[in-house]
Amino acid sequence: MRKTFIALIVALSASAATADTLISNVNGIQATADGRIEHFGSLLIGDDGRVKQIFAKRSVRLSRFDHMINGEGRTLMPGLIDGHGHVIDLGFAALRLDLTGTASLAELQQRLRAYAAAHPEAKWIQGFGWNQELWPEKRFPTAADLDAIVSDRPVVLERVDGHAYVVNSAAMKAAGVTAATPAPHGGEIHDGVFVDAAKQLIDAAIPKSTNAELDEALAKSQEILIAVGVTGVGSMSTSLADWNAFRRAGEAGRLNVRLMAYITAAEAAEANMRPTGWLYGDRLRAVGVKLFADGALGSRGAWLKQSYADSPGSLGLQFHSDPEMLGLADQAAAAGFQIATHAIGDAANAQIISVYEQLSKKYGRDRRWRIEHFQIVDPADIPRLAPAGIIASMQPTHQTSDRLMAEARLGPNRLAGAYAWQSVLKSSAKLAFGTDFPVESPNPFPGLSAAISRQDVNGQPPGGWISSERLALGQALHAYTRGAAYAGFAEPKIGALEPGKYADFIIIDRDPTQIDAQTLAKTQVLETWVAGKKVFSRASGSPERGQ
Ligand SMILES: [Zn+2]
């Protein structure tokens, strides 16, 4: 009895007193500020969840610390920060009809049939992830293709890039549109496919997600992210409903992933929203707004300087005139927001660079204007980034997923500025990496692998695609940690394991400095820690999801 009592006192005082934790005997690696690899052997964490000190040696003698954890020589590195992801969409993609990886239209139909049969209660069937480029037929699905499977209720299936829907006739009826409805500016409609701005015609009819559904999607998304080692995200295209879900999770202490939110520009303006400081122990912040300059390459919505090689005469979709784009960005900048603008095609990139150049003169340098994707760029425009303080926010796995499509859309002679990571760094511009999940898997390791090899997880193509754009491992890790933190104004708090920054880190099953790119892509996260607390352990639980 007495023994139990004393044990209880000891346990209570240990948790109440200031408690420094020494994590010793690790193979620590991280990127230095100049993009090299730094090694360390142990880590001292204060009870505020921040790093107190890192040590080169694996075993250190300290005058005092309260707990010691033996890292058993395992590899430890900073938690990865995904500079551009869609947090709620990732959760919904996992909870709804998953069409990622379908190998044919018939497989899409088969998954739709199975989902419809398993969810008779769903008034609308929503799915995500098809990509006709992966199918032998290579053509877009149509309303008739879906009607053949489900005709009694609306079906809305989003393309993997998020830039197009295919819907069935019941959905068009519910939305009050027909084949004859004209497409709005910046959109296209054909055979049940609604591209870019035309998606809004369907969105208006889809029942709004309830708070409970949003909360469930956020919880699922965090579970997926933590299991692949992502501890921070630039949360793109955050709606006000998403933002409120983030806040509910913050209030309840359920934010494990730090979110730098970029609010949908129209909603931010309508609600007269302003940026926030960090909330809930530096877990959440509204830092910027998201704008769009064009569509995506897959649906030929990217706005190009010269016409598509595989669609002569077509330049893609210009979303805004130059004065309109400047007006939208200026309004957001005047409200104090950072601006993150989606630009895929070379014409869209040139337009937003010009806008940012003008805003830099008005607002000064450290507004960290972001271009999201920066995918197909005229090489002549790359040197314009650094002088205007523009950040290229890029996604290495887009390069491996899109390379054949990019060759088809652009032809062989217009790829010099395509996914040009090394050219961006050589121009002295800042680079941030991410995945654009759920467009790509949120797993950062295939991205790091692509970044150093210009090859996909199967090693294709041999030698790497435009291999001069490969990065060194330290550069790639930098873009995925320090670079992504900087892109979200978060570098004083996260992105490196240094005194005063949060002890957000992961323990992984291999040493990225000792293996080839294909082996790196298969890295498994064993543990994830946020603010010095373990939030995921592969042994104890949450299985990794397929996303
Ligand atoms: Zn995106």
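Computed from a predicted model, the values in this text were never measured in an experiment.

Colleague: What should I look at first to understand the overall build of the chain in this one?
Modeller: When helices and strands are counted, the chain shows 17 helices and 24 strands. Taking 24 Å as the expected radius of gyration for a compact globule of 547 residues, we find that the chain reaches 24 Å, a close match to that expectation. With respect to the three principal axes, the spread of C-alpha positions in the chain is 80 × 55 × 50 Å. Put simply, the chain has 547 residues, and 57% of those count as buried. Contacts in the chain between residues far apart in sequence, at least 24 positions, make up 71% of those at least 6 positions apart. Of the roughly 21,500 Å² of accessible surface on the chain, 53% is carried by carbon and sulfur atoms.

Colleague: I keep staring at the nonpolar core and nothing clicks. Help me out?
Modeller: Across soluble globular proteins, you tend to see nonpolar side chains buried next to one another. One finds I339 and F374 to be the most contacted residues of the largest nonpolar core, which totals 114 residues. Ignoring anything within four residues of it in the chain, the contact list for F374 reads A343, N349, I353, I382, L385, A392, M394 and V424. If you look at the next biggest cluster of nonpolar residues, it comprises 21 residues, including L105, L108, V150 and V195.

Colleague: How should I be thinking about the packing of helix α7 (residues 211-227) against helix α8 (residues 240-251) in this particular structure?
Modeller: Two quantities define a packed helix pair, namely the angle between the axes and the distance from one axis to the other. Closest axis-to-axis distance for the α7/α8 pair is 9 Å, and the angle between their directions is 70 degrees. In terms of axis orientation, α7 runs roughly perpendicular to α8. The handedness of the crossing between α7 and α8 is right-handed. Note on element contacts: α8 touches α7 through A241, D242, A245, F246, R248 and A249, opposite N211, L214, D215 and L218. By residue class, the composition of the contact of α7 with α8 is six nonpolar, one polar and three charged.

Colleague: Can you help me understand the sheet that holds strand β22 (residues 505-508) in this one?
Modeller: Paired through their backbone hydrogen bonds, the strands of a sheet run either parallel or antiparallel. Judged by pairing direction, the sheet is mixed, and its six strands sit side by side in the order β3-β2-β7-β22-β23-β24 without closing on themselves. In the strand order of this sheet, the two ends are held by β3 (37-40) and β24 (533-537), each with one partner. Mean inter-strand twist for the sheet, computed between neighbouring axes without regard to direction, equals 25 degrees. Where strand β2 (residues 27-31) meets strand β7 (residues 75-78), two bridges bridge the pair, whose relative direction is parallel. Across the sheet, G28 pairs through a bridge with L76, a residue of β7. This element, helix α15 (residues 473-480), spans β2, β3 and β7 of the sheet and lies at about 75 degrees to β2.

Colleague: Would you explain the sheet that holds strand β10 (residues 125-130) in this entry?
Modeller: Taken in spatial order, the six strands of this open sheet run β9-β10-β11-β12-β14-β13, and their pairing is mixed. Edge positions in the open sheet fall to β9 (97-98) and β13 (187-190), since each of these has one partner strand only.

Colleague: Hey, could you run me through the environment of P120 in this one?
Modeller: Position of P120 among the secondary structure elements: in the loop between α3 (105-118) and β10. On the basis of relative accessible area, P120 is assigned to the exposed category, the value being 61%. Sequence-wise, P120 and R384 are 264 residues apart; in three dimensions their C-alpha atoms are separated by 54 Å.

Colleague: What exactly am I supposed to notice about the pattern of salt bridges here?
Modeller: Charged atoms that come close allow side chains of opposite charge to pair. Under the criterion given, the structure shown has 31 salt bridges. D145 is the salt-bridge partner of R139, the closest N and O atoms lying 2.9 Å from each other. Salt bridges linked by common partners bring K305, E357, D378, D381 and R384 together as one network.

Colleague: Please explain the pairing of strand β19 (residues 370-373) as it appears in this structure.
Modeller: Regular strands show a simple pattern: their side chains alternate between the two faces of the sheet. In terms of strand pairing, strand β18 (residues 338-343) meets β19 through four bridges, oriented parallel. Bridge pairing in β19 places T341 opposite I371. In this sheet, strand β20 (residues 391-394) lies alongside β19 in parallel orientation, the contact comprising three bridges. Counted as the bridge partner of E372 is S393 from β20.

Colleague: It is not clear to me how the side chain of H86 should be interpreted in this structure. Could you clarify?
Modeller: The topology assignment puts H86 in the loop between β8 (80-85) and α2 (87-95). For H86, the contacting residues outside a window of four places in its chain are M236, S237, K290, D436, F437 and P438.

Colleague: Help me understand helix α11 (residues 346-363), please; the structure alone is not making it clear to me.
Modeller: Residues spaced three or four apart along an α-helix point in a common direction, a consequence of the helix completing one turn every 3.6 residues. Here α11 contains 18 residues, and its C-alpha end-to-end distance of 25 Å stays within 8% of the 26 Å for a straight helix at 1.5 Å per residue. Inspection of α11 places D346, A347, A348, N349, A350, Q351, I352, I353, V355, Y356, L359 and S360 among the buried residues, and these make up the whole buried set. Its buried side turned inward, α11 meets α10 (322-334), β18 and β19. Just downstream of α11, G364 is the residue with a positive phi angle, here 90 degrees.

Colleague: When you look at α7 in this model, what are you seeing that I'm missing?
Modeller: In this model α7 runs 24 Å from its N-terminal to its C-terminal C-alpha over 17 residues, within 8% of the 24 Å that 1.5 Å per residue would give. Of all the residues in α7, the buried ones are L214, A217, L218, K220, S221, Q222, I224, L225, I226 and A227. Where α7 is buried, its residues touch α2, β15 (230-238), α8, β23 (525-530) and β24. Taken from the residues just after α7, G229 is the one with a positive phi, measuring 85 degrees.

Colleague: Sorry if this is basic, but what is going on with the confidence of the model for the chain here?
Modeller: With 95% of its residues at a pLDDT of 70 or more, the chain has an overall mean of 93. Long-range and interchain partners of residues 1-16, a stretch whose pLDDT sits below 50, account for one contact in this model, where long-range means more than four residues apart. Taken as a whole, residues 542-547 scores under 50 in pLDDT and shows 18 contacts with residues more than four places along the chain or in a different chain.

Colleague: In this structure, what is going on with the packing of α2 against α7? I would like to understand it.
Modeller: For the pair α2 and α7, the least separation of the axes is 7 Å and the interaxial angle reads 90 degrees. As summarised for this structure, α2 and α7 are arranged roughly perpendicular, according to the angle between their axes. Listed contacts from α7 to V87, I88, L90, G91, F92, A94 and L95 of α2 are E213, L214, E216, A217, L218, K220, S221, I224 and L225. Within the contact of α2 with α7, the residues separate by chemical class into 11 nonpolar, two polar and three charged.

The rules behind the values
- Numbering of residues begins from 1 in every chain and follows the order in which that chain's sequence is written.
- Predicted model: local features are reported for residues with pLDDT of at least 70 only, side-chain atom pairs are reported and counted for 80 or more only, and whole-chain, interface and lining totals are derived from all residues.
- Side-chain figures throughout are based on the complete set of non-hydrogen atoms in the structure, without hydrogens or water.
- Elements are defined by DSSP. Helices are runs of H or I of four residues or more, strands are runs of E of two residues or more, and each kind is numbered from the N terminus.
- As defined in this context, the radius of gyration uses C-alpha atoms, and a globule is described by 2.2 Å times the residue total to the power 0.38.
- The rule is simple: take the accessible area with a 1.4 Å probe, protein chains only, and divide by the maximum for that residue type; under 20% is buried, over 50% is exposed, in between is partly exposed.
- Every residue pair with non-hydrogen atoms within 4.5 Å of one another is taken to be in contact.
- Areas reported here follow the Shrake-Rupley algorithm with a probe of radius 1.4 Å; residue values treat only the protein chains shown as occluding.
- Note on terminology: a nonpolar core comprises buried Ala, Val, Leu, Ile, Met, Phe, Trp, Tyr and Cys residues joined through side-chain atoms within 4.5 Å.
- In this analysis, axes come from line fits to C-alpha atoms, helices being fitted only over the stretch in contact, and the angle between any two N-to-C directions falls in the range 0 to 180 degrees.
- Any angle between 65 and 115 degrees counts as roughly perpendicular, while under 35 counts as roughly parallel, over 145 as roughly antiparallel, and the rest as oblique.
- Each crossing is labelled by how the near helix is turned from the far one, with a counterclockwise turn of less than a right angle marking it left-handed and a clockwise turn marking it right-handed.
- Throughout, the ten residues Ala, Val, Leu, Ile, Met, Phe, Trp, Tyr, Cys and Pro are labelled nonpolar, Asp, Glu, Lys and Arg are labelled charged, and all others, Gly among them, are labelled polar.
- Two strands pair if DSSP finds at least two bridges between them.
- Put simply, a salt bridge is a Lys or Arg side-chain nitrogen that is within 4 Å of an Asp or Glu carboxyl oxygen.
- Multiplying 1.5 Å by the helix residue count minus one yields the expected span of that helix.
- The pLDDT value expresses, per residue, how confident the predictor is, ranging between 0 and 100.

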